[in-house]
Amino acid sequence: MEALQAILTRRSTRQYSEEMPPRELIEQVVEAGRFAPSGSNSQSTHFIVITDPAVLLGLADDVRSAFAGMELSDDLYISLRNSIKAAKSGNYVFHYNAPVLIVIANRRGYGNAMADSSCALENMMIAANALDLGSCWINQLHWLDEDPTIRARMYELGLGEEETITGGLILGYPASGLPERTPLERKGNPVTWI
Ligand SMILES: Cc1cc2nc3c(=O)[nH]c(=O)nc-3n(C[C@H](O)[C@H](O)[C@H](O)COP(=O)(O)O)c2cc1C
């Protein structure tokens, strides 16, 4: 798929088939992330690729417990509030049962940690679309970066003690076959030309 087409038709996928994409395809998506630009060419974005179903289920349990234990309050960011509500109701799977989760981390205290990680995430989402894979940015582990149980679990999975979780990406074949590619209307994102 042509680059601009892959950008303009990218959409988030939240329903996945159980089929694991071939490792070569996952590697191509990760390489697209690794080839993203970084501030001062720091190349400090860390990609933790999880494909083991048992590990994913364990992580999903930890995430559910962490959110279920949080206070619900009106001043919380809406998506965080929705995650807490869903977790308290008991049937919450933060990664939508996608077969692949790529956790993104970067150096704690590094000023471009979020910017570099975002470049990598966007590259990966566009690459996934070009390869007919579904993907979606998944932020829950970023919100739970300071949670001791989540950090302990993530250390086991390769997170460095000096790293902060900046985001995540789920990946897999969309349950419906091909990724949804209907563009969403742009009501925001204003452009000013001078
Ligand atoms: C910073 C960021 C965080 C996001 N976090 C989540 C998330 O945790 N869970 C989720 O289902 N979607 C998440 N999304 C996906 C957005 O909801 C989605 O991009 C938006 O609704 C527009 O839809 P589209 O991606 O299909 O164009 C996130 C997107 C971004 C850019």
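Treat the numbers as computed from the prediction; the structure is a model and nothing was measured.

Chemist: Looking at this structure, I do not really get the overall build of the protein chain. What am I missing?
Modeler: Of the regular secondary structure elements, the protein chain holds 7 helices and 4 strands. Listing every helix and strand of the protein chain by position from the N terminus yields α-α-β-α-α-β-α-β-α-α-β. Scaling as 2.2 N^0.38, a compact globule of 194 residues should have a C-alpha radius of gyration of about 16 Å, and the protein chain matches this with 17 Å. Projected onto its principal axes, the C-alpha positions of the protein chain cover 45 × 40 × 40 Å. Considering the protein chain as a whole, with its 194 residues, one finds that 44% of them fall into the buried category. Pairs at least 24 residues apart make up 82% of the contacts formed inside the protein chain by residues separated by at least 6 positions. A total accessible area of about 10,700 Å² is found for the protein chain, and carbon and sulfur atoms account for 52% of it.

Chemist: When you look at the side chain of Glu163 in this model, what are you seeing that I'm missing?
Modeler: Tracing the backbone through its elements, the reader meets Glu163 in strand S4 (residues 163-172). It turns out Glu163 is buried and unbridged, and the closest side chain with the opposite charge, Arg151, is 7.1 Å from it. Polar side-chain contacts of Glu163 include one of 2.8 Å to the backbone nitrogen of Gly160. Setting aside residues no more than four positions away along its own chain, Glu163 makes contact with His46, Ala105, Asn106, Arg108, Arg151 and Gly158.

Chemist: Honestly, the pairing of strand S2 (residues 100-107) in this entry has me stumped. Any pointers?
Modeler: On any regular strand, side chains alternate: one points to one face of the sheet, the next to the other face. Of all 8 residues making up S2, 7 are buried, and the element is well covered by its neighbours. Note: strand S1 (residues 46-50) against S2, 5 bridges, orientation antiparallel. Counted as the bridge partner of Val49 is Ile102 from S2. Of the pairings in the sheet, the one linking S2 to S4 comprises 8 bridges and is antiparallel in character. Counterpart to Val103 in the pairing with S4 is Gly168.

The rules we used
- Residues numbered from 1 in each chain as written.
- Predicted model: local features only at pLDDT ≥ 70, side-chain atom pairs only at ≥ 80, totals over all residues.
- Heavy atoms only, no water.
- Helix = DSSP H or I, 4+ residues; strand = E, 2+ residues; numbered from the N terminus.
- Rg over C-alpha atoms; globule rule 2.2 N^0.38 Å.
- Buried < 20%, exposed > 50% of the residue type's maximum accessible area, 1.4 Å probe, protein only.
- Contact = heavy atoms within 4.5 Å.
- Areas by Shrake-Rupley, 256 points an atom, 1.4 Å probe, with all protein chains shown as cover.
- Lys, Arg positive; Asp, Glu negative; His and termini not counted.
- Salt bridge = Lys/Arg side-chain N within 4 Å of Asp/Glu carboxyl O.
- Polar contact = N/O pair within 3.5 Å; in protein donor to acceptor, adjacent residues only side chain to side chain.
- Pairing = 2+ DSSP bridges.

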